[in-house]
Amino acid sequence: MPNLTATQPLEAIGHLYETLRILKSVLKEIERGAMRGIEISKSLAAAWFRVNCCRHYTESDVNYEDLNVEAM
């Protein structure tokens, strides 16, 4: 099982924060009543991509992966 370098957990967390930023923007758009389905779908796809970027770093360690599931 490969170990993560010192910077990799921070990079993974950065992807999760970007996911959170995207999801907050989607929520604001929905709250405004601007239901642009295609734009929301694109944003949600971008958020899911960021989650998978995070998983790229953490999938080798089941302990990190468990934390990912809770975060999602």
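Here, every reference points to the structure presented above.
The following paragraphs examine the structure supplied in this document. (Residues numbered from 1 in each chain as written. Predicted model: local features only at pLDDT ≥ 70, side-chain atom pairs only at ≥ 80, totals over all residues. Heavy atoms only, no water.)

## Comments concerning the overall build of the protein chain
Tallying secondary structure elements over the protein chain gives three helices and zero strands in all. Taken over 72 residues, the protein chain has a buried fraction of 22%. Put simply, 59% of the contacts in the protein chain that link residues at least 6 apart link residues at least 24 apart. For the protein chain, the computed accessible surface area is about 5400 Å², with 60% contributed by carbon and sulfur atoms. (Helix = DSSP H or I, 4+ residues; strand = E, 2+ residues; numbered from the N terminus. Buried < 20%, exposed > 50% of the residue type's maximum accessible area, 1.4 Å probe, protein only. Contact = heavy atoms within 4.5 Å. Areas by Shrake-Rupley, 256 points an atom, 1.4 Å probe, with all protein chains shown as cover.)

## As for the environment of C53
Within the secondary structure layout, C53 lies in helix α2 (residues 37–58). Look at C53 and you get buried, because its relative accessible area is 16%.

## Regarding a nonpolar patch on the surface
Judged by side-chain polarity, L10, I13, Y17 and L20 come together as a nonpolar surface patch covering roughly 430 Å² of accessible area. Within the secondary structure, I13 is located in helix α1 (residues 8–31). (Patch = residues over 30% accessible without salt bridge, like charges linked within 9 Å, V, L, I, M, F, W, Y side chains within 5 Å. Salt bridge = Lys/Arg side-chain N within 4 Å of Asp/Glu carboxyl O.)

## Observations regarding the packing of α1 against α2
One can describe the packing of α1 onto α2 by two numbers: an axis separation of 8 Å at closest approach and a directional angle of 165°. Classed by the angle they form, the pair α1 and α2 counts as roughly antiparallel. Judged by the sense of rotation from one axis to the other, the crossing of α1 with α2 is left-handed. Of the residues in α2, those in contact with Q8, E11, A12, H15, L16, E18, T19, I22, L23, V26, E29 and I30 of α1 are E39, I40, S43, L44, A46, A47, R50, V51, C53, C54, Y57 and T58. (Axes fitted to C-alpha atoms, helices over the stretch in contact; angles between N-to-C directions. Parallel < 35°, antiparallel > 145°, perpendicular 65-115°, else oblique. Left-handed = near helix turned anticlockwise from the far one by under 90°.)

## Side note on α2
Each α-helix winds once per 3.6 residues, and so residues spaced three or four apart point in a common direction. Taking 1.5 Å per residue, 22 residues should reach 32 Å; α2 reaches 31 Å between its end C-alpha atoms and fits that length. For α2, every residue scored as buried is listed here: I40, A47, V51, C53, C54, Y57 and T58. Along the axis of α2, the buried residues cluster in a sector spanning 150°; they form a single face. Exposed positions of α2 whose direction lies more than 90 degrees from the buried face are I38, K42, F49 and H56. (Expected span 1.5 Å × (residues − 1). Arc of directions from axis to C-beta.)

The analysis is restricted to geometry; functional conclusions fall outside its scope.
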